[in-house]
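The lines below spell out each chain.
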Amino acid sequence: MRFYLGLATTFHDPALALVGPDGTLLFAEAAERFLQVKRAPNCEPDNPAQVTALLQTYVPPGSELVVASSWGQQFTDFLRGQAQAGTFDLMALAAHTTALNRSFVPEQAERVFIADLHAAQARAGHGTLLALLQEGRATGAAPRAIVAAQRRYPHHLCHAAYGLWGSPFDAATALVVDGMGETGAAALYRLEGGRITELRRHRGRGSLGFLYGLITDLAGFDQIKGEEWKIMGLAPYGRPDPELAALLAQLCTIEAGRLRFAEAATIQAVAAEIQARRPADALDTGWADLARCGQDFFGTLMDVLVAEAAALGPSDNLVIAGGCGLNSSYNGRVLGRSGFTRLHVPSAPADDGNAVGAAWLAYAEDNPGWPGPPPEQRPLTPYLGSRVSTTAMERLAEQEPRAKCVGHAEATRAAAKILAAGGLVGWVQGRAEFGPRALGNRSILADPRPQGAKDALNAKVKYREAFRPFAPAILAEAGPDWFEAYADSPYMERTLVWRAEVRGKVPAVVHQDGTGRLQSVTPARNPAFAALIRAFANITGVPILLNTSFNVMGKPILHSAEDAILMFYTTGLDALVVEDWLVVK
């Protein structure tokens, strides 16, 4: 039997995925969860301990393993040649200027990114080999599996494969936009008859992803830490500023329906002028007006790429992938600004999702004509990660009389009552979500009705900026009653506009501009979470819960019951539910 281990091998957001002999996606998880290091920079995607457990769970002895990774072989060979020429030596990197260039990041930083990318490619698969060796030494038996092949696939193609084959569409056009690929920072692909074909690949150093990162830095945040989402959260608090907008417009112009990125000198001059205008308190509170202008400018430029997608790949169905696919504010508006009528953004559109894309591309290479997953597996479930063991809860119960295994029905009823009374609940169920957002399996939940619920949650648990919004998880059947132009949003991938008459009922999840980044919940997708929301609705009449990720600022979403217990006792949570276990303060 042959299995396919996909690895996301960029210098940030590494991840692994496992595809079975029939093409079924068995597992997918970002390395940050297992390592508990935010974004896991420059870490291997296939930690030997995690791979050993994964293989023992899914791969029978005597199997073959194909290791597939993102970034194409030709590009990997180029990086290897650069390394052999000494391009990535410390002093060679230090010799580059720290001035901004056409990629919107300093030249020295760009070279360091590429050096880190080479290091990630060089290590790809080594953790898997070590896992197989260690298991063989521990058991005295032959390795569980042999590595039959190692393959590499183009970065943007991996994004497209994950986005298109994981979508509900038989035919669609994919727009991939991120910080960098092998030749540029955007590409277009088409899915038809199960086959994915490239329509256009952008070339050059100009990057819409890095442009948004530059705006992030200028507004007082840090793109290296992945803080671009703060721009989305802060933008509704800002005012349009014609002078700032005019400065940003110099960074990228639109000519004959194409983006034309500025030269390095212009980028440096604009960045210097914006920085000189930055308010003194921006590094503490952010710069709302720049965030507003930057988000608006991003939307204008994305519209150009979406229009190009519609022209080169006419379709009703659009897939957006790549790191820019995390811009839920734009995603919520794109259908109204384009000729497309349906949108799919995967749960992990950034580089972690490439683990799935690489694994599926390897499978398709060995199985010509494979049309992608069957309809019953699409759209792809996000619940693809690890389960938690309840052993820690059992140990806790030996010392804590309030920790009890009460059964799932009772835990659901109790959690709904606590939430309706204004309590904060940590909720851990089933398999972890694949992607950066908690979708009801690794969540902190609250009542969305109190005006001060958002501030209380920030003060007691999340310890994050007050401007950042919390998301509403809503029973999908109730969506049209609460949102204008309601669209199904299973991955919390888009913001929609609340109906004016209901905003006062759930102020804790209504953002400054009257929008909410919603998650549509159904019993088919997540029966446990849907049952909890329904139990809450039976008490309150509101089929919505405030849903945020089960972590504190600066840490990844939890990975174990021990993580959950630690946060329960060190934050202001009122109750913790882990599977059938309940503990209250």
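Structure report, in brief. (Residues numbered from 1 in each chain as written. Predicted model: local features only at pLDDT ≥ 70, side-chain atom pairs only at ≥ 80, totals over all residues. Heavy atoms only, no water.)

## Some thoughts on the overall build of the protein chain
Across its full length, the protein chain carries 21 helices and 22 strands. Radius of gyration (C-alpha) of the protein chain: 24 Å, near the 25 Å computed for a compact globule of 585 residues. Judged by the C-alpha coordinates and their principal axes, the protein chain covers about 70 × 65 × 50 Å. When each of the 585 residues of the protein chain is scored for burial, the buried share is 60%. Across the protein chain, every contact between residues at least 6 apart in sequence was considered, and the portion connecting residues at least 24 apart equals 72%. Surface summary for the protein chain: the accessible area is close to 22200 Å², and the carbon and sulfur share equals 54%. Side-chain charges of the protein chain comprise 54 positive and 59 negative groups, with the mean position of each set lying 2 Å from the other. (Helix = DSSP H or I, 4+ residues; strand = E, 2+ residues; numbered from the N terminus. Rg over C-alpha atoms; globule rule 2.2 N^0.38 Å. Buried < 20%, exposed > 50% of the residue type's maximum accessible area, 1.4 Å probe, protein only. Contact = heavy atoms within 4.5 Å. Areas by Shrake-Rupley, 256 points an atom, 1.4 Å probe, with all protein chains shown as cover. Lys, Arg positive; Asp, Glu negative; His and termini not counted. Charge placed at Lys NZ, Arg CZ, Asp CG, Glu CD.)

## Topic: the packing of helix H3 (residues 73-84) against helix H5 (residues 107-123)
For the pair H3 and H5, interaxial distance at closest approach is 10 Å and the crossing angle is 110 degrees. For the element pair H3 / H5, the angle class is roughly perpendicular. Our pair here, H3 against H5, has a crossing hand that is left-handed. Residue-level inspection shows Phe75, Thr76, Leu79, Arg80 and Ala83 of H3 in contact with H5, the latter providing Ile114, Leu117, His118 and Gln121. Considering only residue class, the contact of H3 with H5 consists of five nonpolar, three polar and one charged. (Axes fitted to C-alpha atoms, helices over the stretch in contact; angles between N-to-C directions. Parallel < 35°, antiparallel > 145°, perpendicular 65-115°, else oblique. Left-handed = near helix turned anticlockwise from the far one by under 90°. Nonpolar A, V, L, I, M, F, W, Y, C, P; charged D, E, K, R; others polar.)

## Examining the environment of Ala148
Tracing the chain through its elements places Ala148 in strand S5 (residues 145-153). Taking the C-alpha atoms as reference points, Ala148 and Leu65, separated by 83 residues in sequence, lie 5.6 Å from one another. If we ignore the near neighbours within four places in the chain, the residues touching Ala148 are Arg2, Glu64 and Leu65.

## Considering the nonpolar core
In this structure, Ile274 and Leu290 are the most contacted members of the largest nonpolar core, which totals 65 residues. For this core, the leading source of residues is helix H13 (residues 288-312), giving 12 residues. Leu419, Met567, Leu582 and Val583 belong to the second largest nonpolar core, which has 63 residues in total. (Core = buried A, V, L, I, M, F, W, Y, C linked by side-chain atoms within 4.5 Å.)

## Things to note about the pairing of strand S11 (residues 317-321)
Summarising burial for S11: five of the five residues are buried, a large majority. What you see with S11 is no split at all: Asn317, Val319 and Ala321 on one side and Leu318 and Ile320 on the other are buried throughout. Note that strand S6 (residues 172-177) and S11 share four bridges and pair parallel. Bridge assignment links Leu175 to a residue of S11, and that residue is Ile320. The pairing of S11 with strand S12 (residues 342-344) spans three bridges and is parallel. Opposite Asn317, over in S12, you have Arg342 as the bridge partner. Between the parallel elements S11 and S12, the chain passes through helix H14 (residues 328-334) in a crossover that is right-handed. (Pairing = 2+ DSSP bridges. Right-handed = clockwise from strand over helix to strand, strands pointing away.)

## Side note on the sheet that holds S11
With mixed pairing, five strands are arranged side by side in an open sheet as S8-S7-S6-S11-S12. Two strands lie at the open edges of the sheet, namely strand S8 (195-201) and S12, each paired on one side alone. Averaged over neighbouring strand pairs, the angle between their axes works out to 25 degrees when direction is ignored.

## Section: the pairing of strand S7 (residues 186-192)
Judged by how many residues are buried, S7 sits mostly within the fold: six of seven residues are covered. Where S6 lies against S7, six bridges are found, and the strand directions are antiparallel. Bridge pairing links Val176 to Ala187 in S7. Between S7 and S8, which pair antiparallel and follow one another directly, the connecting turn spans two residues, one of which, Gly193, has a positive phi of 60 degrees.

## Some words on helix H10 (residues 242-249)
All of the buried residues in H10 are Leu244, Leu247 and Leu248. Looking straight down H10, one finds that the buried residues subtend no more than 100 degrees of arc, so they occupy a single side. Opposite its buried face, H10 presents the exposed residues Pro242 and Glu243, each directed more than 90 degrees away. Buried-residue contacts for H10 involve helix H8 (208-218), strand S9 (252-255), helix H11 (264-277) and H13. Two or three places before Glu243, at the start of H10, stands the capping residue Asp241, its side-chain oxygen 3.0 Å from that residue's backbone nitrogen. (Arc of directions from axis to C-beta. Polar contact = N/O pair within 3.5 Å; in protein donor to acceptor, adjacent residues only side chain to side chain.)

## So, the sheet that holds strand S3 (residues 25-30)
As summarised here, the arrangement of the five strands in space is S3-S2-S1-S4-S5, forming an open sheet in which the pairing is mixed. Edge positions in the sheet fall to S3 and S5, since each has one partner strand and no second. Across the sheet, the mean angle separating the axes of adjacent strands is 15 degrees when strand polarity is ignored. Across six bridges, strand S1 (residues 2-8) lies against strand S4 (residues 63-70) in parallel orientation. Residue pairing for S4: Gly6 is matched across the bridge by Ala68. This element, helix H15 (residues 354-366), spans S1, strand S2 (15-19), S3, S4 and S5 of the sheet and lies at about 145 degrees to S1.

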